[in-house]
Amino acid sequence: MLVQLTYASRISKTLGSEDIKNILQRSQTNNQADGVTGALCLSNGIFLQILEGNRNTVNRVYHKILQDSRHKDPAILDYQEITARQFSEWSMGLISRTDDNKQLFLKYSSDANFDPYSMSSETLRGFFDEVVDNVRWLRKSPD
């Protein structure tokens, strides 16, 4: 069974660009080996991540994330069975809030601060649909 899991967590400590780069590289390596695809969004000290793949594998990856001390206040925001992957070309893409895409974040936010914890499943799906449609915002590594 193919599933898609979307979760948010708060960053537990200050992370620099090198830390983010290491997280992304490790995720890409591990996810590629496990057949997991997805995207990681970082904004306002919050990770928003979507994981796709085999249900047991995605669940195992999420449980590993729960053990990672860099995450606090984790919450599953959406979990659904899917017929096809949305991020099939990305073992893990990164989208950070930039001047180029700040309108995307505002479009799906109820106020000026992007807060996925307050977003509905439908809104989160719309956000990620638009990310896929504008793949230029997805990066393989942080600048």
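The paragraphs below set out a description of the structure included in this document. Keep in mind that what you see is a predicted model, and the values were worked out from it rather than measured.

## Points about the overall build of the protein
So, step 1. Helix and strand content of the protein: four helices and five strands.
So, step 2. When the helices and strands of the protein are listed from N to C terminus, the series reads β-α-β-β-α-β-β-α-α.
So, step 3. Radius of gyration (C-alpha) of the protein: 14 Å, near the 15 Å computed for a compact globule of 143 residues.
So, step 4. Overall, the C-alpha framework of the protein stretches about 35 × 30 × 30 Å when taken along its three principal axes.
So, step 5. Put simply, the protein has 143 residues, and 48% of those count as buried.
So, step 6. Excluding contacts between residues fewer than 6 apart, the proportion of contacts in the protein whose partners are at least 24 apart in sequence is 79%.
So, step 7. With an accessible surface of roughly 7,600 Å², the protein has 43% of that area assigned to carbon and sulfur atoms.
So, step 8. Both charge centroids of the protein, one from 17 positive and one from 18 negative side chains, sit 5 Å from each other.

## Digging into the packing of aromatic side chains
So, step 1. Under the criterion given, the structure shown has seven aromatic pairs.
So, step 2. Ring geometry for Tyr 108 and Phe 127: centres 6.0 Å apart, planes at 85 degrees, overall edge-to-face. Residue Tyr 108 is located in the loop between helix H3 (102-107) and helix H4 (121-133), and its partner Phe 127 is located in helix H4; the two are separated by 19 residues in the primary sequence.
So, step 3. Summarising the aromatic geometry, the rings of Phe 114 and Phe 127 are spaced 5.2 Å apart at their centres and angled 40 degrees between planes, so their arrangement reads as tilted. Of this pair, Phe 114 sits in the loop between H3 and H4 while Phe 127 is found in helix H4, placing the two residues 13 residues apart along the sequence.
So, step 4. On the basis of relative accessibility, which here comes to 0%, the residue Phe 127 falls in the buried class.
So, step 5. A network of ring pairs unites the aromatic residues Phe 87, Phe 105, Tyr 108, Phe 114, Phe 127 and Phe 128 as a single cluster.

## Considering the sheet that holds strand E1 (residues 2-11)
So, step 1. A sheet is described by the order of its strands in space; here five strands give the open sequence E4-E1-E3-E2-E5, paired in mixed fashion. A single partner strand is all that each edge strand has here, and the edge strands are strand E4 (71-81) and strand E5 (93-96). Strand-to-strand, the axes of this sheet are offset by a mean angle of 15 degrees, without reference to chain direction.
So, step 2. Across the sheet, helix H1 (residues 17-34) lies against strand E2 (37-43), strand E3 (46-54) and E5, angled at about 150 degrees from E5, the strand it touches most.
So, step 3. In the packing of helix H2 (residues 55-66) onto the sheet, contacts are made with E1, E3 and E4, and the angle to E3 comes to roughly 155 degrees.

## Details of unusual backbone geometry
So, step 1. Of note, the phi angle at Asn 44 is positive, near 55 degrees, even though the residue is not glycine.
So, step 2. Among the structural elements, Asn 44 can be located in the loop between E2 and E3.
So, step 3. Residues other than glycine seldom take positive phi values, yet Asp 73 does so here, at roughly 55 degrees.
So, step 4. Its location among the elements puts Asp 73 in strand E4.
So, step 5. Look at Asp 73 and you get partly exposed, because its relative accessible area is 44%.

## A short note on the pairing of E5
So, step 1. Residues Gly 93 and Ile 95 of E5 are buried on one face, and the alternating residues Leu 94 and Ser 96, pointing to the opposite face, are buried as well.
So, step 2. Direction of pairing for E2 relative to E5: parallel, over a ladder of four bridges. When the bridges of E5 are listed, Ala 39 appears paired with Gly 93.

Thresholds, definitions, all that
- Residues numbered from 1 in each chain as written.
- Predicted model: local features only at pLDDT ≥ 70, side-chain atom pairs only at ≥ 80, totals over all residues.
- Heavy atoms only, no water.
- Helix = DSSP H or I, 4+ residues; strand = E, 2+ residues; numbered from the N terminus.
- Rg over C-alpha atoms; globule rule 2.2 N^0.38 Å.
- Buried < 20%, exposed > 50% of the residue type's maximum accessible area, 1.4 Å probe, protein only.
- Contact = heavy atoms within 4.5 Å.
- Areas by Shrake-Rupley, 256 points an atom, 1.4 Å probe, with all protein chains shown as cover.
- Lys, Arg positive; Asp, Glu negative; His and termini not counted.
- Charge placed at Lys NZ, Arg CZ, Asp CG, Glu CD.
- Phe/Tyr/Trp six-rings, centres within 6.5 Å; stacked < 30°, edge-to-face > 60°.
- Pairing = 2+ DSSP bridges.
- Axes fitted to C-alpha atoms, helices over the stretch in contact; angles between N-to-C directions.

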